[in-house]
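Here is what each chain is made of, one letter per residue.
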Amino acid sequence: MSAALLTPAEMARADALTIAAGTPGILLMERAAAAIVEAIEAAFPDAVRVACLAGPGNNGGDAWAAAAILQRRGRAVAVFRLQPPEKLSGDAAIAAQAFGNEGAPLAAFRPEAFDLVVDGLFGAGLSRALEGEVAGMVDRLNADPVPVLSIDLPSGISGLTGERLGMAVTATATVTFFRAKPGHWLEPGRSHCGSVTVADIGIAPVVLDAIGPRTFANEPALWRDQLRTPADAGHKYDRGHAVVVSGGAAQTGAARLAATAALRGGAGLVTVLSPSSAVLVNATHLTAVMLKRCDDRATLTELLGDRRLNALVLGPGFGVGAQARDYAEAVLASEARLVLDADGITSFAEDPAALFALAAQAADRRTKGEAAMVLTPHAGEFKRLFPDLAAADAMAKPETARQAAARARSIVLLKGRDTVIAAPDGRAAINTTGTPWLATAGSGDVLSGLVAAALAQGAATFEAACAAVWMHGKAAEMFGPGLIAEDLPAMLPKVFARLAAG
Ligand SMILES: NC(=O)C1=CN([C@@H]2O[C@H](COP(=O)(O)OP(=O)(O)OC[C@H]3O[C@@H](n4cnc5c(N)ncnc54)[C@H](OP(=O)(O)O)[C@@H]3O)[C@@H](O)[C@H]2O)[C@H](O)CC1
Ligand SMILES: [K+]
């Protein structure tokens, strides 16, 4: 479960369970400090003058403890603290006593006088926006080019939501302990962390059994075993048959982007279902992707009677209206799993509950009640189906997606700079790949195709969505700047090679 993310409250539980099992808290702090110093030795070997900023709690305690080690190793260390050591308590007080001098008030700190700043102001205990002298100091620190290493979290970033509380330190690197937190992967926290190191400080993974984390970093460990390569599968039918429904003659590109992605993503076969008005248009562009005429629900239902057609994308370029609702109902009444995107989502804006009821019926027919549908909304589409959840902006994004998934009895793939995938059973994964270049026309169509590819191969619905999101982002990373949607499917072979390399 190395991909598990712990909320600050869950992390405090991990601490408490470890301390209760016999590890003194001060030992955890000393190990945290040792990990901080190790990261400094590795990333900032030439930093001679080091400022350690110490807050009022144990985040500060980590900073005092790290300062003591750095000093013993010959670096010129100065501690600037929010409170004098005598005001500290617990492990932080012990760490401050061990430093040797009482440091200086934070107000005396001048970033320009140092080669490196260690940010130990606030971590998991941040409970409100930075204000007063601390806010002013963070402003000055961010305006100075001096590199910053943040302890646990950049001060000002919520470990739970990744939000900036007022303002936050922008770090060059962050060292956290035992497991990363959602705030390390959710924006804007992710952009404030710099490179994140997760240090082992002797907390036994067995504590996770008692904590039962439900939030994960979306890494291949979560789903790699659910993808099938030709080596595993005997012949193309073993990797399923994905179907994409095309829009009319002037809106066929989105479906073809999804279809090409589904084929590149590993579906054994892919078919575009096209209205008569667009058959010629589609026919001129398709080669390995097959083409069938489909003008009405009866035809769709008949085609899906062939259970080899086991995954279907509906929405990209399809058009908003009754036919989209009809088709969604037909797919959810079949054995195929549905990827509902774009116009398919918007078509249910007037009556989301109708869609959720269809999805629930489909899930009830599946083994273990597994979700039969993946919804792939961006924030705007999400708001159309879940207006109340979209309005609850204090809620962490994983929680928002989780509640939507439970309500829709579907996997909710909530797209954004930090895409979150959530399942009705409460699992949520925060994506770890991608570039800003993905914000380009057609990128979502490709993603829907990749989800269908994983579904076609038989992956469980949650894992299929996670795999698709990870590969979509990795393809963009590997392509680099200048990306357009058409470039993405062609990058999949390199993504598969990366996955095979482990
Ligand atoms: N296993 C581990 O992860 C370990 C983590 N360690 C470190 O401990 C911190 C968490 O320490 P904690 O004391 O719980 O909290 P902080 O140090 O982050 O915050 C200290 C107090 O600051 C006050 N506070 C919160 N927000 C603000 C603000 N905006 N302005 C001013 N003061 C603020 C708050 O106290 P209040 O009573 O004022 O609410 C906090 O309690 C963790 O991040 C790790 O770095 C262990 O040292 C090693 C093991
Ligand atoms: K910090």
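Just so we're clear, the structure is a prediction, and the values are computed from it rather than from any experiment. (Residues numbered from 1 in each chain as written. Chains lettered and ligands numbered in written order. Predicted model: local features only at pLDDT ≥ 70, side-chain atom pairs only at ≥ 80, totals over all residues. Heavy atoms only, no water.)

Draft legend 1. The arrangement of the overall build of the protein chain in detail. Summing up its helical and strand segments, the protein chain has 20 helices and 18 strands in all. For 502 residues, the compact-globule formula gives about 23 Å, and the C-alpha radius of gyration of the protein chain, at 26 Å, lands near that figure. Based on the C-alpha atoms only, the size of the protein chain along its principal axes is roughly 80 × 45 × 45 Å. Within the protein chain, buried positions represent 57% of all 502 residues. (Helix = DSSP H or I, 4+ residues; strand = E, 2+ residues; numbered from the N terminus. Rg over C-alpha atoms; globule rule 2.2 N^0.38 Å. Buried < 20%, exposed > 50% of the residue type's maximum accessible area, 1.4 Å probe, protein only.)

Draft legend 2. How the structure looks around the environment of M491. Note that M491 resides in helix α20 (residues 487–501). Judged by its relative accessible area of 10%, M491 is buried. Separated by 12 residues in sequence, M491 and F479 place their C-alpha atoms 6.9 Å apart. Here M491 is in contact with A475, M478 and F479, once residues within four sequence places are set aside. (Contact = heavy atoms within 4.5 Å.)

Draft legend 3. Looking closely at the site of ligand 1. Surveying the vicinity of ligand 1 reveals 23 residues, the closest of which are D15, N59, D62, G123 and D152. In this structure, N58 approaches ligand 1 through a main-chain N or O atom, which is 2.9 Å from an oxygen atom. Take A129: an N or O atom from its main chain is 3.1 Å from a nitrogen atom of ligand 1. Contact with the protein chains removes 75% of the 920 Å² of surface that ligand 1 exposes when unbound. At three residues, helix α3 (residues 58–72) tops the list of elements feeding residues into the shell around ligand 1. (Near = heavy atom within 4 Å. Polar contact = N/O pair within 3.5 Å; in protein donor to acceptor, adjacent residues only side chain to side chain. Areas by Shrake-Rupley, 256 points an atom, 1.4 Å probe, with all protein chains shown as cover.)

Draft legend 4. Just α3, in detail. Helix length check: α3 (15 residues) gives 21 Å between terminal C-alpha atoms against 21 Å at 1.5 Å per residue, within 8%. Listing the buried residues of α3 in full gives N59, G60, G61, D62, A63, W64, A65, A66, A67, A68, I69 and L70. Trailing α3 by a residue or two, G74 shows a phi angle of about 90 degrees, which is positive. (Expected span 1.5 Å × (residues − 1).)

Draft legend 5. Region of the structure containing the coordination of the potassium ion (ligand 2). Ligation of the potassium ion (ligand 2) by protein atoms is provided by N59 (OD1), D119 (O), F122 (O), I151 (O), L153 (O) and S155 (OG), these donors lying 2.6 to 3.1 Å from the ion. Along the chain, the residues donating to the potassium ion (ligand 2) are arranged with the sequence spacing N-x59-D-x2-F-x28-I-x1-L-x1-S. Taken as a pair, I151 and L153 share a single burial class, namely buried. (Donors = N, O, S within 2.8 Å, 3.2 Å for Na, K, Ca; no water.)

Draft legend 6. Helix α12 (residues 322–332), seen in detail. Restricting attention to buried positions, one finds in α12 the residues A324, Y327, A328, A330, V331 and L332. Tucked inside the fold, the buried residues of α12 contact β10 (241–245), α11 (297–303), β13 (309–314), β14 (337–340), α14 (352–364) and β15 (373–375).

Draft legend 7. Geometry of the nonpolar core. Counting residues in hydrophobic clusters, the biggest one holds 54 residues, and the most contacted among them are I411, L413, I421, V451 and M471. Elements with a contribution of two residues or more to this core: β10, α9 (253–264), β11 (269–274), β13, β16 (411–414), α18 (443–456), α19 (461–479) and α20. Considering every element that reaches this core, the biggest residue donor is α19, with 11 residues. Apart from the residues lying within four places of it in its own chain, the contact partners of L413 are V374, L375, T376, P377, T419, V420, I421, L447, V451, A465 and V469. Listed in part, the 48 residues of the second largest apolar core include A217, L273, F348 and L355. (Core = buried A, V, L, I, M, F, W, Y, C linked by side-chain atoms within 4.5 Å.)

Draft legend 8. The sheet that holds strand β2 (residues 49–54), seen in detail. Here we have seven strands laid out as an open sheet, ordered β4-β3-β2-β5-β6-β7-β8, and parallel in their pairing. Single-partner strands in this sheet number two, and they are β4 (104–105) and β8 (195–199). In this sheet, strand β3 (residues 76–81) lies alongside β2 in parallel orientation, the contact comprising six bridges. Residue pairing for β3: A51 is matched across the bridge by A78. Packed on one face of the sheet, helix α2 (residues 25–43) meets β5 (116–120), β6 (148–151), β7 (173–177) and β8 and runs near 155 degrees to β7. (Pairing = 2+ DSSP bridges. Axes fitted to C-alpha atoms, helices over the stretch in contact; angles between N-to-C directions.)

Draft legend 9. Structural detail: unusual backbone geometry. The residue after E187, namely P188, is reached through a cis peptide bond having omega 0 degrees. Take P188: it is sitting in the loop between α6 (182–185) and α7 (189–193). The backbone of K368 shows a phi angle near 55 degrees, a positive value even though the residue is not glycine.

Draft legend 10. Seen up close, the confidence of the model for the protein chain. For the protein chain, mean pLDDT is 96; residues scoring 70 or higher make up 99% of the total. Overall fold confidence for the complex sits at a pTM of 0.95, while the interface term, ipTM, reaches 0.97. (pLDDT = per-residue confidence, 0-100.)

Draft legend 11. Looking closely at the environment of G265. Secondary-structure assignment places G265 in the loop between α9 and β11. For the pair G265 and A490, spaced 225 residues apart in sequence, the C-alpha to C-alpha distance is 9.8 Å. With residues near it in sequence (within four places) discarded, G265 still touches L450, A453, Q457 and F496.

Draft legend 12. Region of the structure containing the side chain of S410. Structurally, S410 can be placed in the loop between α17 (397–408) and β16. Look at S410 and you get buried, because its relative accessible area is 0%. Contact partners of S410, with chain neighbours within four places excluded, come to A359, A371, M373, L375, A405, A422 and P424.

Draft legend 13. Representation of the side chain of T419 in the model. Along the chain, the position of T419 falls in the loop between β16 and β17 (420–422). For T419, the side chain forms a polar contact with the main-chain nitrogen of G416, separated by 3.2 Å.

Draft legend 14. Spatial organisation of the domain arrangement of the protein chain. Along its sequence, the protein chain is carved into domain 1 (4–213) and domain 2 (221–500). Summarising the inter-unit geometry, the C-alpha centres of domain 1 and domain 2 are found 41 Å apart. Both faces considered, domain 1 and domain 2 share a buried interface measuring about 800 Å² in area, 61% of it formed by carbon and sulfur atoms. Contact with domain 2 buries surface across domain 1, with L186, E187 and R190 losing the most and accounting together for 54% of the total. Where domain 1 touches domain 2, the interface holds zero salt bridges. The tally of links between domain 1 and domain 2 comes to two residue pairs in polar contact (both at pLDDT 80 or more). The class makeup of the residues in the side of domain 1 that touches domain 2 is five nonpolar, one polar and three charged. (Domains from an automatic or database assignment. Buried area = accessible area lost by both parts, 1.4 Å probe. Salt bridge = Lys/Arg side-chain N within 4 Å of Asp/Glu carboxyl O. Nonpolar A, V, L, I, M, F, W, Y, C, P; charged D, E, K, R; others polar.)

Draft legend 15. Structural detail: the packing of aromatic side chains. Applying the stated criterion to the full structure yields eight aromatic pairs. Arranged with centres 5.8 Å apart and planes meeting at 65 degrees, the rings of W64 and F99 form a pair that is edge-to-face. Here W64 is found in helix α3, whereas its partner F99 is found in helix α4 (residues 90–99), with 35 residues between them in sequence. Residues W64 and F99 agree in their burial class; the two are buried. Note on F382 and F386: the rings are 4.8 Å apart at their centroids and 35 degrees apart in plane angle, and the pair reads as tilted. The two residues F382 and F386 agree in class, both being buried. Three or more aromatic residues joined by ring pairs make a cluster, and in this case those are F80, F109 and F114. (Phe/Tyr/Trp six-rings, centres within 6.5 Å; stacked < 30°, edge-to-face > 60°.)

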